[in-house]
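Observations on the model geometry
Read off the chains here:
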2 protein chains.
Amino acid sequence: MELPGVNPARQKRSREMTEALLEAGKRLLARRSLAELSVEELCASIGASVGAFYSRFQSKEAYFQALQLLACRRATEALAGDGAPERFAGRPLAEICLAIAKGGVGWMRAYEGVARAALQHGGTHPARWTPFKELGREVQERWRPLLLARLGRSARRRNERAVGFAFQLLYGTMVNIVLNDPGPLSLGDPDLPEQLARAMAAALRGA
Amino acid sequence: MELPGVNPARQKRSREMTEALLEAGKRLLARRSLAELSVEELCASIGASVGAFYSRFQSKEAYFQALQLLACRRATEALAGDGAPERFAGRPLAEICLAIAKGGVGWMRAYEGVARAALQHGGTHPARWTPFKELGREVQERWRPLLLARLGRSARRRNERAVGFAFQLLYGTMVNIVLNDPGPLSLGDPDLPEQLARAMAAALRGA
DNA sequence: CAAGAATGATAATTATGGTTCTCATTCTTG
DNA sequence: CAAGAATGAGAACCATAATTATCATTCTTG
């Protein structure tokens, strides 16, 4: 695995430490923002030293980019494997929406901290957010044909817009949950995927 | 107007400067995050000095809290005046939802920068977000009775949850637009309130 | 129109935390 | 089992930006 801004480790100990640093970041970011997570604290948490960190990662920002890239890679893999849209071709709209929502929520649950950190400066620090935005676009593109197929042949233009808005509802609600957890539904709520799916389906049907 | 963390100005010039500082913050935050907006830059933008700033505001954070409080105050006023829910009692569900969505979007448009800054550290810096969360709760509480009245008498519990989720969709989508503007609809899009209202209504009906 | 309070300009202070440096230690490999 | 590369500990360095201190200027008011 080659990541930009990350000097490849040639010795085993170093590879393990790199891995541990990435794992620790994923864990610690569940509680602090990236700015609040100092390199020193990060290293201390796994008994490494700052020097070690910088002999591996070109900068704190590069470290975070790597973290983010790994999270996105996992999602892309899922999109090609178990969660592949093709498996739902021909299924009813409600079922497709549920699969989409489950996939999204599941991923968010796994990468909550990384996602939050990336989101926190999405608007002002575009580079930090780009991989996630890219991922969102990719997911939507993969599902779109199936949704359009369920939506009748007329008003193609309008239907496409409806698909975009359905995803906007999905992503928006999830983002707000991750950032602010306003309730009533939280990320851990078992009903969440179902509710989101219902909202998406309604938005699509009502187009 | 007394604001916590703000030393009241006793001379006119100073009052004007306080006002100008708050106004400048509202404007500048449209482009940068709060962290990126240095006190020095803020002051320079209106030809004031850092010392002047600190003779008025106890800290940068207090300054931002004041900014936020003013924005919330405006919303609360609107809720008591033109945008009062009571004016829509007895109207159809779709119309009520549209009024809600219009109110929310309109407010976001007016206070986009302040809202974004508050949102950016909502999760990790609870104090910064609290007034907004409070406002959201208040808005929802004011509209809830009208919505429930439109939703049939049975399954009260379920209906209340549906109202909560409808607002979660609304707020979530708006928050994500403000933070990341993912499209297809942007904050400035004339269709936005209508689309959001439709989604809310669908979520409510499908409860 | 003074006297004293309020204000504000400027420069110093400080805290934080990312980044770099140095050198001892540990691997790898011929 | 050396020799040289890779690694890592720890401290030093530095940049940024919030905050505070000092003192001249401007208001207010009796």
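As the structure is a computational prediction, the values presented were derived from the model and not from experiment.

Near DNA strand D there are 20 residues, and of these A:Arg10, A:Ser49, A:Arg56, B:Tyr54 and B:Lys60 occur at the shortest range. Expressed as a percentage, the sugar and phosphate content of the atoms of DNA strand D within 4 Å of the protein is 84%. The contact in question runs from a phosphate oxygen of DNA strand D to an N or O atom on the side chain of A:Arg56, over 3.0 Å. Every element with two or more residues in the surface near DNA strand D is listed here: α1 (12-28) and α3 (50-56) of chain A together with α3 (50-56) of chain B. The element best represented in the surface near DNA strand D is α3(A), accounting for four residues. Of the residues that constitute the surface near DNA strand D, the class distribution is eight nonpolar, eight polar and four charged.

Once that is clear, we can look at the domain arrangement of chain A. Residue and element names in this part refer to chain A. You can read the domains of chain A as domain 1 (12-61) and domain 2 (68-205). Averaged C-alpha coordinates put domain 1 and domain 2 at centres separated by 29 Å. Each partner contributes residues to the interface: domain 1 has seven residues there, and domain 2 has nine residues. The contact between domain 1 and domain 2 buries some 670 Å² in all, and 61% of this surface belongs to carbon and sulfur atoms. Run the count over domain 1 and domain 2 and you get zero salt bridges. Taken together, the links from domain 1 to domain 2 amount to two residue pairs in polar contact (both at pLDDT 80 or more).

Facing the 38 residues of chain A at the interface are 38 residues of chain B. Summed over both partners, the interface of chain A with chain B buries about 3,200 Å², with 57% contributed by carbon and sulfur atoms. On inspection of chain A and its partner chain B, the count reaches four salt bridges. A:Arg161 is the partner of B:Asp189 in a salt bridge, and the nearest nitrogen-oxygen pair spans 3.3 Å. Summed over the shared surface of chain A and chain B, the number is four residue pairs in polar contact (both at pLDDT 80 or more). Elements with a minimum of two residues in the side of chain A that touches chain B: α6 (112-120), α7 (126-149), α8 (156-180) and α9 (192-205) of chain A. Among the residues forming the side of chain A that touches chain B, the class breakdown is 14 nonpolar, 15 polar and nine charged.

Calculation notes
Residues numbered from 1 in each chain as written. Chains lettered and ligands numbered in written order. Predicted model: local features only at pLDDT ≥ 70, side-chain atom pairs only at ≥ 80, totals over all residues. Heavy atoms only, no water. Near = heavy atom within 4 Å. Polar contact = N/O pair within 3.5 Å; in protein donor to acceptor, adjacent residues only side chain to side chain. Helix = DSSP H or I, 4+ residues; strand = E, 2+ residues; numbered from the N terminus. Nonpolar A, V, L, I, M, F, W, Y, C, P; charged D, E, K, R; others polar. Domains from an automatic or database assignment. Contact = heavy atoms within 4.5 Å. Buried area = accessible area lost by both parts, 1.4 Å probe. Salt bridge = Lys/Arg side-chain N within 4 Å of Asp/Glu carboxyl O.

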